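Coordinate analysis (summary)
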Amino acid sequence: MIHALVSSPANHARLDEIRGEQVLLSDSPSSVSDDAIQEMPVVLMQSYSVHGNEASGTEAAILYLYYLAAGEGPAIDEALYNAVIIVEPMQNPDGRDRFADWVNRNRGGVATMDSQDREHSEPWPGGRTNHYWFDLNRDWMVTQHPESKGRIELFQTWRPQVLTDHHEMGSGSSFFFQPGIPSRKNPNTPELNVRLTEEIATYHAAGFDAIGSTYYSEEGYDDFFYGKGSAYPDINGSIGILFEQASSRALRATVSDGELHYAFTVRNQFVASLTTLKAGIAMRADLLTYQRDFYATSLEMAQKNRSGGWILDLDDGRTRAQLFAQLLKRHRVEFYELTQDVQVNGKTIRAGNGLVIPDEQPQYRLIDSFTERTLEYQDSLFYDVSTWTLPLAFDVNLHSYSGNLSSVSGEEVISVALDGGSLVGGEAQHAYLMRWNRFYAPRALNRFMEAGIPVNVAHKPFSILVDGEKVWFDRGTVVIPLKGRDTPGKTWDANTVHTIAKMAVKMDHVEITAAHTGLTPDGPDLGGGSMADLTKPRIAMTAGSGASSGQTGEAWHAISERFRMEVSLIEPSRFGGADLSRYNTIILTASGLSDAASNNILSWTRKGGNLIVLSGATSWALRNNLVDIESMSIDMDSLTENLDYHQMDEARGAQAIGGSIFQVDLDTSHPIAYGLKDQMALFHQGSTLYSFTGSPGQLIGSYSMNPLMSGYISEEKLAQLPGLASVIATGEGRGNVIAFMERLNFRAYWYGSQRLFFNSIFFGRSF
Ligand SMILES: [Zn+2]
């Protein structure tokens, strides 16, 4: 990401040296004395407009850079001598591009104040999000997008003592700076962090008092979720500060007490930039000391709280485990090769197939908070999700290990490359068999389909002989024949099949076995009726006004960016007249479809289409009687009958599910759950829960008897949850409908449940 490093000429001449001293605060806190701290500059990272349509931040950043570069006099000289300032003026270039394009082409010679004017109302999906419509201010922890990967690398290279994140909020407000709501601080953030934030706030207050701008703190926003820019620093020994300026949206807007001008909002952001610098200089030694002590106490906590660390199993879900390890590495987590077989939780992890993550390392607190399961909360209201437990999202086995770590650890692993693909048995004479166990297996399957090679899926387990030994294959194994079944004597270009098989092993890390005959010792033969034809998906998806841009963007990113497949994005309003016969798969993310659109989709489904209903479209499917479910209700009247007026908001809010992780029982004999385990963690966001009222065999996933794995849910809703509907697959005419109640692709880091999504795309027509 584009950024500027600003400091005095003398500091610039020895930047590497300064950085070397800075990182000792976290890498080796005991080696940094109080005297040494007195001589060190403070590092400030000031970041702007991660939401692209909150534009005033970026304008202020340019002014601020000008001030830093051109300012003269003792005050600026002292500041530049005592600080290294990292300015990231634009955290979300694609979002800002959409916003700026819209407002600039809708303004005339005189700026209009009318909120109904085009300049004031951006079209779907707006400029808040990045290219794939992801909120980058939820990506700091999971770092799935290039903007965040670059930003975290910059952050971890310099490890600033203060990071500020400049936003905009509703026009009717004033200016917010942290601290946020006290009861919604993450318990893993030290109390001293809040005290320092309060002290920094006095500088902002003084700056705003001086120009006569109004402001507030503590009455809104929280520091709970470490995936946000203002909270991520808090688990890295730094102080994260959120700024929110009332937005003018356009050049000027009408507000309750008159007019709000864009220039005014830029000025406030500029002043907050200056007061941050002022606070950073004045509190320099305290901030540096806080960071050093944060890391010193992290090591003490690691020694006191636990003995040992974690072992990540690379054998089970190897690709996902390696992707998880890459994520940890981006946050400076240290881990080592496993050099001995170890027993954990009744399972043997073999040498070379695990990573050893010791507790005793600087990022102990970060590892703990990224991987923990949370069931108790101080507050029942959340600005965002209540949990993120990364091992559940990646569906990997991260075992706590209390044995002697040093005796099983080898070399430190500096970087992790995806690997583990295998081709057993050489060049096949009859067919290749690809197990449906690896994350990128759908991408490999698509390679064969793109080349026009017919492929089948096994609906029953079977075995083949490999070097005289019987080897079993599960349901969901993809059979890629070298000989035609329906056209006698027809063979494909065998060399093409061999080449793609090798490429899939290398690029998609899949496990492929060569079969030299179609006869199998157990289960169906390779040319039998249990090996069903698969057709290449031709996919359309609702994208546009009425659809959830978040869910649509997640699915788009998964299909097009991650799995390299074509998908047509169609405006919901055009579904009524669209020629749907071009597609065999439609993904719905919108509930508000017109009658014409609904009828077109229904008739297409009945003619044999594969309709995938994501959670944003559940109520549409319910209205059109495609799924047999009923929404559950809570008797709010009886829950609130003894409450006073001021308690009502909280009582209602406590019934919301902002984002929690539930365990779901899956019927893995159904194609939609092929290759998965019988129980799986899924992410639920949205307060409506559904009971299933249909026929046996259609409920593929339901909440387990003890479903809450991590996160907040009210007691009343938790009591209802066991057995309720999560995944439904049903026939409709000659077609199929598959409905998911969960956010399978949530924020691109739910690698575990994303496999259900791709099963529905590839196997949705084979039941
Ligand atoms: Zn924002």
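We now turn to the structure provided with this report. (Residues numbered from 1 in each chain as written. Predicted model: local features only at pLDDT ≥ 70, side-chain atom pairs only at ≥ 80, totals over all residues. Heavy atoms only, no water.)

**Regarding the side chain of S702**
Mapped onto the elements of the fold, S702 is located in strand β32 (residues 699-710). Setting aside residues up to four positions removed in sequence, S702 forms contacts with Q663, V664, D665, G723, L724 and S726. (Helix = DSSP H or I, 4+ residues; strand = E, 2+ residues; numbered from the N terminus. Contact = heavy atoms within 4.5 Å.)

**Looking at the coordination of the zinc ion**
Reference values for angles at a metal are 109.5 degrees in the four-donor tetrahedral case and 90 or 180 degrees in the six-donor octahedral case. Those protein atoms acting as donors to the zinc ion are H51 (ND1), E54 (OE), E54 (OE) and H167 (ND1), and they sit at 2.0 to 2.5 Å. Coordination at the zinc ion is irregular: its 4 donor atoms span angles of 56 to 155° at the metal. Positions of the donor residues of the zinc ion along the chain correspond to the pattern H-x2-E-x112-H. Taken as a pair, E54 in the loop between β2 (42-48) and α4 (56-70) and H167 in strand β4 (residues 162-169) lie far apart in primary sequence, 113 residues in all. The exposure class of H167 is buried, given its relative accessible area of 2%. (Donors = N, O, S within 2.8 Å, 3.2 Å for Na, K, Ca; no water. Tetrahedral: all angles 85-135°; square planar, octahedral: opposite > 155°, others 65-115°. Buried < 20%, exposed > 50% of the residue type's maximum accessible area, 1.4 Å probe, protein only.)

**Considerations on the nonpolar core**
By size, the foremost hydrophobic cluster in this structure holds 160 residues, and its most contacted members are M434, L611, L756, F757 and I761. Take this core: its biggest share by element is 7 residues, from helix α22 (residues 751-763). Contacts of L611, omitting those with residues within four sequence positions, involve I586, L588, I601, W604, T605, W620, L626, N736, V737 and I738. With 42 residues, the next largest nonpolar core counts L68, I85, F177 and L287 among its residues. (Core = buried A, V, L, I, M, F, W, Y, C linked by side-chain atoms within 4.5 Å.)

**Section: the pairing of strand β30 (residues 679-684)**
By the criterion of burial, β30 is predominantly enclosed, with 5 of the 6 residues buried. As judged from the 6 bridges shared by strand β29 (residues 660-666) and β30, these two strands associate in the antiparallel manner. Its bridge partner lying in β30, I661 is registered against F683. (Pairing = 2+ DSSP bridges.)

**Considering the sheet that holds strand β18 (residues 455-458)**
Read across the sheet, 6 strands follow the order β16-β22-β17-β21-β18-β23 without closing on themselves; strand pairing throughout is mixed. Each having just a single partner strand, β16 (422-424) and β23 (531-534) make up the two edges of the open sheet. Geometrically, the sheet is characterised by an average inter-axis angle of 30° between neighbouring strands, direction not taken into account. Sheet topology places β18 next to strand β21 (residues 478-481); 2 bridges connect them, and they run antiparallel. Within β21, the position partnered with V457 by the bridge is V478. (Axes fitted to C-alpha atoms, helices over the stretch in contact; angles between N-to-C directions.)

**Some words on the packing of aromatic side chains**
With the rule as written, the count across this model stands at 37 aromatic pairs. Relative to F763, the ring of W436 lies with its centre 4.8 Å away and its plane at 45°, an arrangement referred to as tilted. With W436 in the loop between β17 (431-434) and α14 (441-450) and F763 in helix α22, the pair connects residues that are 327 residues apart, well separated along the chain. A ring pair is formed by Y440 and F563, whose centres lie 5.4 Å apart and whose planes are at 50°; its orientation type is tilted. Of the two residues, Y440 sits in the loop between β17 and α14 while F563 sits in the loop between α16 (549-562) and β25 (567-570), which places them 123 residues apart along the sequence. (Phe/Tyr/Trp six-rings, centres within 6.5 Å; stacked < 30°, edge-to-face > 60°.)

**As for the environment of L465**
Locating L465 in the fold gives a position in strand β19 (residues 462-466). Between the C-alpha atom of L465 and that of T517, which follows or precedes it by 52 residues, the distance is 9.3 Å.

**Description of the pattern of salt bridges**
Inspection of the entire model under this criterion finds 34 salt bridges. For the salt bridge of R443 with D508, the shortest nitrogen-to-oxygen distance reads 2.7 Å. Separated by 65 residues along the polypeptide, R443 in helix α14 and D508 in helix α15 (residues 494-508) bring together distant segments of the chain. Assigned by exposure class, R443 and D508 land together as buried. One salt bridge in this structure joins R606 and E732, with 2.9 Å as the shortest N-O distance. Of this pair, R606 sits in helix α17 (residues 595-606) while E732 is found in strand β33 (residues 725-732), placing the two residues 126 residues apart along the sequence. When salt bridges with common partners are traced through the structure, they connect E54, R128, D135, R138, D384 and R747 into a single cluster. (Salt bridge = Lys/Arg side-chain N within 4 Å of Asp/Glu carboxyl O.)

Note that all results are geometric; they support no functional claim without further evidence.
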